[in-house]
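So you can see what is in the structure, the chains are spelled out below.
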Amino acid sequence: MSLAEVWRSRVRLLTTKNKGALWKWRSYSGQPKRSVMWTWVCGFMLFTLGVISLFTGHVVSHLEWYSQQLTKRSLLDMSRREPIDVWKSKYSKFFYGCSERGRNFPPAVQEHQSNGYLLIAASGGLNQQRTGITDAVVVARILNATLVVPELDHHSYWKDDSDFNDVFDVNWFISSLTKDVTIVKRVPDRVMRSMEKPPYTMRVPRKSTPEYYLDQVLPILSRRHVLQLTKFDYRLANDLDEDMQKLRCRVNYHALRFTKRIQSVGMKVVKRMRKMAKRFIAVHLRFEPDMLAFSGCDFGGGEKERAELAEIRKRWDTLPDLDPLEERKRGKCPLTPHEVGLMLRALGFANDTYIYVASGEIYGGEKTLRPLRELFPNFYTKEMLANDELKPLLPFSSRLAAIDYIVSDESDVFITNNNGNMAKILAGRRRYMGHKRTIRPNAKKLSALFMDREKMEWHTFAKKVKSCQRGFMGDPDEFKPGRGEFHEYPQACVCQRPFSYDKVSKEDEGEEDNIPEEVHNNTSHGHLSSADNERDEVFPD
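Below, the structure is looked at part by part. This one's a predicted model, so the numbers in the text were calculated from it and none came from an experiment.

A count of helical and extended segments in the protein gives 23 helices and 12 strands. Taking all 541 residues of the protein together, the buried fraction comes to 50%. By element, 53% of the accessible surface of the protein is carried by carbon and sulfur atoms, the whole surface being about 27600 Å².

In structure tokens:
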């Protein structure tokens, strides 16, 4: 019989023996005695649990966990009752990124002792490939394999022939992960010469578990010594043990640093924004013609728009026929630039706020952007701020996307009109870097508001927008176990500092609205760069 069963039987025995006494106590005791009795009972139970914990070690740890959760809940309950500060979360200071290796995390297996060489062919745009590279390191660790620097996708929609070392600092990538995984730039010539057959190529299912890799992939790797995994995006399960999740964070938030050239251009854009404004918003707009056609939504452009997008949809034979109105009601349609501007103004951002727009081609061009410009005249893009520096990068979509990534990450507030890979990756990174304000539209509720906007006064509209955006502002209380993709919600890598009500009150009293001129975010890209649905594969970034 286990200790827990013994404890439960003792409780039942005591309850049976004292049933009459307890009945008499309930019948004749006053309220004060009842309080004393309950105090005695609770004390006895806690003492018993303490004794058991001496043998098991589990109860104490569980009590500590519950204590932490209660503290966290009290902190988060306070945040829900207070007005939203659109520039930052009041309680973000109590959370920080933590992805250090555990004490029991074994060192990386050396190249000559590994089970073979793992080749990875990433897929998609910059940020989709980023998820693939991150998971590739973890898979190499699972397989005890030597990882060859991943190959970027040259054949996707973006037609970018950039190699890994054109976008990322390859030497830093290898050296920073030395303790986790052995990484080489290429398979040694002696190994290639000794192979009787070309490297074995395979594609694993999406969201494959570590057990799948050990059962299905490792035997092939051990037999062939060199193995290539193709179209490697979201090919590893979302839920892994804590050590592997922290490894994901070390790769994504520390090892994947952009090249010095890209970092330099990106930080120049940031500094030019900071020179004009102490704080600014970065808006990531996905409004390319192909992406809109793929969504199956209607964006108010009339018959001309419907005809043009319908023609583009013919490129995909497998797309289902969708009802645009139903898709909008379900929150599946990206917000238009005008809707993004209306939401920001309703939340409380003034029209003199400086905004940086990160985007590719915008369907409708300047006509589509005009309403957003009118709402926020201080409107800037990378082309406006660094036209000369960008010229060498223009043929390469991944490198241009990296500039937008850097500026968006360094912004005070980041907002997106979509739920693509860049939106998810940056949301996760900004949570890891201290829950920097990150706004994602509650599209399902906002769609109804936008459709009825003309029927209500601005004050009413703004109040409703603020109400439906609670829970979508990047606050710590949005961080719930099991929610979303790990890249968007890196829960295992976010720790909490001790909470003090007095500390919050004192800091609030001494806090000034003015923010120093210098870049105040706690990360510098000069040092640190920082789906199940197959439809996501086409327009993920």
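In space, the five strands of this open sheet follow the order β4-β3-β2-β6-β5, with parallel pairing throughout. The sheet terminates laterally at β4 (183-184) and β5 (200-202), the two strands that pair on one side only. With three bridges joining them, β5 and strand β6 (residues 226-232) adopt parallel strand pairing. When the sheet's bridge partners are listed, Thr201 is paired in β6 with Gln228. Sheet strands touched by helix α5 (residues 126-143): β2 (117-122), β3 (146-148) and β6. Its angle to β2, the strand with the most contacts, is close to 165°. Together, β2, β5 and β6 form the strand contacts of helix α9 (residues 210-224), whose direction differs from that of β6 by roughly 135°.

This part takes up unusual backbone geometry. The phi angle at Lys207 is positive, at roughly 60°, despite the residue not being glycine. The exposure class assigned to Lys207 is buried, which follows from its relative accessible area of 19%. One non-glycine residue, His225, lies in positive phi territory at about 75°. By relative accessible area, which is 45% here, His225 ends up partly exposed.

Moving on, we come to the packing of helix α11 (residues 260-276) against helix α19 (residues 397-410). A pair of packed helices is characterised by two quantities: the angle between their axes and the separation of those axes. Running from N to C, α11 and α19 cross one another at 45°; their axes reach a closest spacing of 9 Å. As far as their axial angle goes, α19 and α11 are oblique. Of the two elements, α11 crosses α19, and the hand of that crossing is right-handed. Along the contact surface, α11 presents Ile262, Gln263, Val265, Gly266, Met267, Val269, Val270 and Arg274, while α19 presents Arg399, Ala402, Ile403, Ile406, Val407 and Glu410. Taken together, the residues of the contact of α11 with α19 sort by class into nine nonpolar, two polar and three charged.

Counting residues in hydrophobic clusters, the biggest one holds 71 residues, and the most contacted among them are Leu118, Phe173, Tyr213 and Leu229. When residues in this core are grouped by element, the largest group, nine residues, is from α5. When sequence neighbours within four positions are dropped, the list of residues in contact with Leu229 reads Leu118, Leu119, Ile120, Ala121, Val139, Met202, Val204 and Tyr213. Core analysis: the second largest hydrophobic core is formed by 46 residues, Ala293, Ile312, Phe376 and Ile415 among them.

Parameters and conventions
Numbering of residues starts from 1 in every chain and runs along the sequence as written. The predicted origin of the model limits local features to residues at a pLDDT of at least 70 and limits the giving and counting of side-chain atom pairs to 80 or more, whereas totals for whole chains, interfaces and linings rest on all residues. Processing note: side-chain calculations cover all non-hydrogen atoms of the structure and skip hydrogens and water entirely. Put simply, DSSP H or I for four residues or longer makes a helix, DSSP E for two residues or longer makes a strand, and each gets a number counted from the N terminus. Only protein chains enter the accessibility calculation, which uses a 1.4 Å probe. A residue is then buried if its area is under 20% of the maximum for its type, exposed if over 50%, and partly exposed in between. For accessible areas, the Shrake-Rupley method is used with a probe of radius 1.4 Å. Any residue's cover is judged against the shown protein chains and nothing else. Between any two strands, at least two bridges found by DSSP are needed for them to pair. Whether two residues are in contact is decided by their heavy atoms: any pair within 4.5 Å suffices. Here, axes are lines fitted to C-alpha atoms. For helices the fit covers the stretch in contact, and angles between N-to-C directions go from 0 to 180 degrees. Any angle from 65 to 115 degrees is called roughly perpendicular, while one under 35 is roughly parallel, one over 145 is roughly antiparallel, and all others are oblique. What makes a crossing left-handed is the near helix being turned counterclockwise from the far one by less than a right angle; a clockwise turn instead makes it right-handed. Classification used: nonpolar for Ala, Val, Leu, Ile, Met, Phe, Trp, Tyr, Cys and Pro, charged for Asp, Glu, Lys and Arg, polar for all others including Gly. For this analysis, a nonpolar core means a set of buried residues of the types Ala, Val, Leu, Ile, Met, Phe, Trp, Tyr and Cys, connected via side-chain atoms within 4.5 Å.

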